[in-house]
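Descriptive analysis of the structure
Below, each chain spelled out in residue letters.
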Amino acid sequence: QLCRRERSCHRLTICSPLVRVSTKTEYSILKLLMVNQNRTIAKSVILERIAEDTPDCTEDSLKQHISNLRVKIRKASDKDMIEAVWGIGYKLIAE
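In this report, the structure presented in the accompanying data block is examined. Residue numbering note: each chain is counted from 1, following its sequence as written. Predicted model: local features are reported for residues with pLDDT of at least 70 only, side-chain atom pairs are reported and counted for 80 or more only, and whole-chain, interface and lining totals are derived from all residues. Side-chain calculation: all heavy atoms of the structure are included, whereas hydrogens and water are not.

1. Looking at unusual backbone geometry
To be explicit about the condition: The secondary structure listing takes helices from DSSP runs of H or I that are at least 4 residues long and strands from runs of E that are at least 2 residues long, numbered from the N terminus.
Not every positive phi belongs to a glycine, and Asn38 is a case in point at roughly 65°. As for its placement among the helices and strands, Asn38 is situated in the loop between α1 (24–35) and β3 (41–42). Phi at Asp78 is positive, roughly 60°, even though this residue is not glycine. With respect to the helices and strands, Asp78 occurs in the loop between α3 (59–77) and β4 (82–85).

2. A look at the pairing of β4
One face of the sheet, then the other: side chains in a regular strand alternate in exactly this way. Filter applied, for reference: DSSP calls a pair of strands paired once it identifies at least 2 bridges connecting them.
As paired strands, β4 and strand β5 (residues 89–92) are joined by 4 bridges and run antiparallel to one another. From the neighbouring strand, Glu83 faces β5, where its bridge partner is Lys91. Linking β4 back to β5 in an antiparallel pair, the connection comprises 3 residues, with Gly87 at a positive phi of about 80°.

Okay, here's the thing in structure tokens:
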């Protein structure tokens, strides 16, 4: 399995290496994308779901969080797995 979520320890694994997230916001975004692999999630839905951890998150800060996650995933797996769906949102591509 390409992506795995372990609920008991709040760890997300993409490919073999562990992707370390540094904030609750990154964790929440990545978890949402992993639960909905290969499905586009609207930016508004992501912002709504992470509002508990990051109430002041905007579209601009969401872009920065996504960028940070892309760098971490690419470093761990040499793959670009988060795809922007123009005008809508993002999706995690699981091969």
